Amino acid sequence: SETIKVALIGNPNVGKTSVFNHLTGLNQQVGNYPGITVDKKVGFSKLNETTRAKIIDLPGTYSLNASSIDENVVIELLLNKNDEDFPDVAVVVTEVENLKRNLLLFTQIKDLEIPTLLVINMSDRMQLKGIELNIPYLEETLKTKIALVSSRKNLGIDSIKELIVNYQSLSTEPCLNASSIDPEYFDRLRKAFPNQLLYKLWLVITQDVNFLNLQRKEIENNFTKSHTELKRLQQKETIKRYQFINDTLKIGQKIDKSKASDIQTKLDNILTHKVFGYVIFFGILLLIFQS
Ligand code: GDP
Ligand code: MG
């Protein structure tokens, strides 16, 4: 039987852990990356009679432009083909209400040329929020397959499993041409490291990742740029990605603005706060009576 290695990646609060729990049922265990405190959750998911998935629930991250330990954990796994958990398929989890922001990370993962599939979670909120998605258009433009999911309602989880089983048919084409960030610079990079993925080199140059140490030195010696210049190029990368995402969503997503701030959400919030208030109130009462 076959085990497919899957990395679950996404912004914080998109429902990644909820999806993970649905996929893995009760088979999950909690592990640690050596040396740091960030948890890496590992679970197994039975996909069909002969295939299972080993699923790594990575810490939530907004982008691959690492500024935190969490982001470094994600980058170091995705850049290191020798890591035992290097994924066969990257599953990027997003949610309907913050698709634009969530897709930034998706386009970066795509540029690493790992088979990538896109989960759009919280589909149960679409009607309420007046959101419509043109899934075929999004799949074509983002060069991926999409599973529209509600982990709250347990909908669409099977389609994730099916897409993972067939991961070899997922496109590994990038969304953005990395060299468009700075054609002259990337041209030199490409010539110096003809066998390396450009976007991977770019991440090694800009991030404080500590594998590929030798190569990093080599890159640094020949491709030094000032801190300000690197920051400027990073910003340029982000702008280019958002241009692409905006263009894609202009056709791929329709939002009925009149439903954007609805009464139900406000009610939800008030109720949650009230319940929370009661819990604290009675908790304190209990403490007083016990002492
Ligand atoms: P993570 O930070 O990405 O791991 O997200 P979690 O799984 O912890 O979920 C974040 C919040 O989103 C929690 O309050 C969940 O109850 C909620 N959530 C997760 N999935 C869904 C969904 O499909 N629909 C809705 N409406 N809420 C969801
Ligand atoms: Mg989580």
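Within an unreviewed UniProt entry, the label attached to the protein reads Ferrous iron transport protein B, and the organism entered is Flavobacterium indicum.

Caption draft 1: Quick peek at the side chain of E237. Here E237 lies in helix α10 (residues 227-252). Exposure remark for E237: the relative accessible area of 0% places this residue in the buried category. There is a polar contact of 3.2 Å between the side chain of E237 and the side chain of Q108. Among the polar contacts made by the side chain of E237, one reaches the side chain of W202 at a distance of 2.8 Å. Sequence-distant contacts of E237, that is, excluding residues within four places in its chain, are made with N65, Q108, I181, Y199 and W202.

Caption draft 2: View of the confidence of the model for the protein. In the predicted model, the protein carries a mean pLDDT of 86, and the fraction of residues at 70 or more is 86%. Taken as a whole, residues 27-37 scores under 50 in pLDDT and shows 26 contacts with residues more than four places along the chain or in a different chain. Here the prediction assigns the complex a pTM of 0.84, and the interface score ipTM is 0.98.

Caption draft 3: Molecular detail of the pattern of salt bridges. Tallied over the entire structure, the rule returns 13 salt bridges. A salt bridge links E97 to R125, with the shortest nitrogen-to-oxygen separation between them at 2.9 Å. Taken together, the residues span a long stretch of sequence, with E97 in the loop between β5 (89-95) and α3 (99-110) and R125 in the loop between β6 (116-121) and α4 (126-129) at a distance of 28 residues. One salt bridge connects E229 with R232, and the closest N-O pair in it is separated by 3.1 Å.

Caption draft 4: Geometry of unusual backbone geometry. With a phi angle near 65°, M122 is a residue other than glycine that sits in the positive phi range. Positionally, M122 belongs in the loop between β6 and α4. Judged by relative accessible area, which is 22%, M122 ranks as partly exposed. Positive phi, normally seen in glycine, also occurs at N154, with a value near 55°. Position of N154 relative to the elements: it lies in the loop between β8 (145-148) and α6 (157-165).

Caption draft 5: Quick look at the site of ligand 1. Taken together, 15 residues form the shell around ligand 1, and within it N13, K16, S18, D124 and S151 come nearest. At 3.5 Å from an oxygen atom of ligand 1 is found a side-chain nitrogen or oxygen belonging to S150. Expressed as a share of its isolated accessible area of 590 Å², the protein-covered part of ligand 1 is 72%. When residues in the shell around ligand 1 are grouped by element, the largest group, 3 residues, is from helix α1 (residues 16-24). In terms of residue class, the shell around ligand 1 is made up of 3 nonpolar, 8 polar and 4 charged.

Caption draft 6: Region of interest: helix α8 (residues 198-206). Of all 9 residues in α8, 9 are buried, a share of seventy percent or more. Within the sequence span of α8, burial applies to L198, Y199, K200, L201, W202, L203, V204, I205 and T206.

Caption draft 7: A look at the nonpolar core. Ranked by internal contacts, the top residues of the largest apolar core, which has 53 residues, are I9, L64, L133 and L189. At 7 residues, α8 tops the list of elements feeding residues into this core. For L189, the residues in contact, after removing those within four places along its chain, are L198, L201, I205 and F223. Of all hydrophobic cores here, the second largest spans 23 residues; its members include L8, V93, V119 and L163.

Caption draft 8: Region of interest: the side chain of Q234. For Q234, the location among the structural elements is in helix α10. Take Q234: its relative accessible area is 10%, and that puts it in the buried class. Not counting chain neighbours up to four residues away, the residues in contact with Q234 comprise N65, W202, T206 and Q207.

Caption draft 9: Structural detail: the pairing of β5. Taking burial as the measure, the 7 residues of β5 include 7 buried ones, the bulk of the element. Alignment of strand β1 (residues 2-10) against β5, held across 5 bridges, turns out to be parallel. Its bridge partner lying in β5, I9 is registered against V92. The pairing of β5 with β6 spans 6 bridges and is classified as parallel. Bridge pairing in β6 places V93 opposite V119. Handedness of the crossover joining β5 and β6 through α3 is recorded here as right-handed.

Conventions used here
- Residues numbered from 1 in each chain as written.
- Chains lettered and ligands numbered in written order.
- Predicted model: local features only at pLDDT ≥ 70, side-chain atom pairs only at ≥ 80, totals over all residues.
- Heavy atoms only, no water.
- Helix = DSSP H or I, 4+ residues; strand = E, 2+ residues; numbered from the N terminus.
- Buried < 20%, exposed > 50% of the residue type's maximum accessible area, 1.4 Å probe, protein only.
- Polar contact = N/O pair within 3.5 Å; in protein donor to acceptor, adjacent residues only side chain to side chain.
- Contact = heavy atoms within 4.5 Å.
- pLDDT = per-residue confidence, 0-100.
- Salt bridge = Lys/Arg side-chain N within 4 Å of Asp/Glu carboxyl O.
- Near = heavy atom within 4 Å.
- Areas by Shrake-Rupley, 256 points an atom, 1.4 Å probe, with all protein chains shown as cover.
- Nonpolar A, V, L, I, M, F, W, Y, C, P; charged D, E, K, R; others polar.
- Core = buried A, V, L, I, M, F, W, Y, C linked by side-chain atoms within 4.5 Å.
- Pairing = 2+ DSSP bridges.
- Right-handed = clockwise from strand over helix to strand, strands pointing away.

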